[in-house]
Amino acid sequence: MELPTPESIKKRRVKLGLTQAALAEKASVSQPLIARIESGDVDPRLSTIRSILTALDEMERCKVTAKDLMTSPVIAVTSADTVDNAVKLMEKHGFSQLPVIDGGVPVGSISENSVVQAMGTEDFGRVSASQVRALMEESFPAVSPGTDMGTVSHLLETYHAVLVMELGKAIGVITKYDVMRLLNK
């Protein structure tokens, strides 16, 4: 049996989209110990390595995909909708952003942030009545339902949300909140 290297442990953890803290919790060890093992600062006991490898093996068996994480159906607005309508949808569903989809094609997004910024420079009534296209930001990146959690997590470091697309249709949305819900499962 060949023992894993610190680099191989880190590589497996990152591929699964796990933080050091999440791996530590699954392996019943501390996060600082995981950090020290991965950096090569400590030579862990065999029982510790076994716990970490068991946790990684278990996580690989029950690999989480975009389809497992997504919220469906997709709540979206069109670029012709009013900002008022978009804000009402965000409030109703507890979202801080929405995809903008015209004719089934993602064309942008609108967020609480873009609305608040516009309200700082424009008359409230004018912002409310304007079309979404006036405040629209770039579209969320799209992934397939089978995309692994590591890829989705990486995208969420830069974007507000990720769309899950299947056969050219948006079937789900993933936000940071959806990923964090895994901690409670």
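Residues numbered from 1 in each chain as written. Predicted model: local features only at pLDDT ≥ 70, side-chain atom pairs only at ≥ 80, totals over all residues. Heavy atoms only, no water.

## Re the sheet that holds strand 4 (residues 161-166)
If you walk across this open sheet you meet the 3 strands as 3-4-5, and the pairing is mixed. Edge strands, defined here as strands with exactly one partner in the open sheet, are strand 3 (142-143) and strand 5 (169-175). Looking at chain direction, strand 3 and strand 4 are connected through 2 bridges and run parallel. The partner of Ala-142 across the bridge, within strand 4, is Leu-163. (Pairing = 2+ DSSP bridges. Helix = DSSP H or I, 4+ residues; strand = E, 2+ residues; numbered from the N terminus.)

## Points about the environment of Val-179
With respect to the secondary-structure elements, Val-179 resides in helix 10 (residues 176-180). Overall, the relative accessible area of 17% leaves Val-179 in the buried class. Placed 113 residues apart in sequence, Val-179 and Ala-66 show a C-alpha to C-alpha distance of 9.6 Å. If we skip the residues at most four places from it in the chain, Val-179 touches Leu-69, Ser-153, Leu-156 and Ile-174. (Buried < 20%, exposed > 50% of the residue type's maximum accessible area, 1.4 Å probe, protein only. Contact = heavy atoms within 4.5 Å.)

## Things to note about helix 3 (residues 31-39)
Every buried residue of helix 3 is listed here: Ile-34, Ile-37 and Glu-38. Relative to the axis of helix 3, the buried residues are bounded by an arc of 95° and lie together on one face. Elements in contact with the buried residues of helix 3: helix 1 (6-15), helix 2 (20-27) and helix 4 (46-61). (Arc of directions from axis to C-beta.)

## Quick notes on the pattern of salt bridges
Under the criterion given, the structure shown has 5 salt bridges. Where Asp-57 meets Arg-12, a salt bridge forms, and the shortest distance between an N and an O atom there is 2.5 Å. Of this pair, Asp-57 sits in helix 4 while Arg-12 sits in helix 1, and the two are 45 residues apart along the sequence. Asp-178 is the salt-bridge partner of Arg-181, the closest N and O atoms lying 3.4 Å from each other. For Arg-181, a relative accessible area of 34% puts it in the partly exposed group. (Salt bridge = Lys/Arg side-chain N within 4 Å of Asp/Glu carboxyl O.)

## Concerning the packing of helix 2 against helix 4
Running from N to C, helix 2 and helix 4 point in directions that differ by 105°, and their axes come no closer than 8 Å. Taken together, the axis directions place helix 2 and helix 4 in an arrangement best described as roughly perpendicular. Residue-level inspection shows Leu-23, Lys-26 and Ala-27 of helix 2 in contact with helix 4, the latter providing Ser-51, Ile-52, Ala-55, Leu-56 and Met-59. The residue inventory of the contact of helix 2 with helix 4, partitioned by class, reads 6 nonpolar, 1 polar and 1 charged. (Axes fitted to C-alpha atoms, helices over the stretch in contact; angles between N-to-C directions. Parallel < 35°, antiparallel > 145°, perpendicular 65-115°, else oblique. Nonpolar A, V, L, I, M, F, W, Y, C, P; charged D, E, K, R; others polar.)

## Points about the environment of Glu-60
Structurally, Glu-60 can be placed in helix 4. The exposure class of Glu-60 is partly exposed, given its relative accessible area of 35%. Taking the C-alpha atoms as reference points, Glu-60 and Glu-122, 62 residues apart in sequence, are found 51 Å from one another. Not counting residues up to four positions away in its chain, the partners in contact with Glu-60 are Arg-12 and Leu-16.

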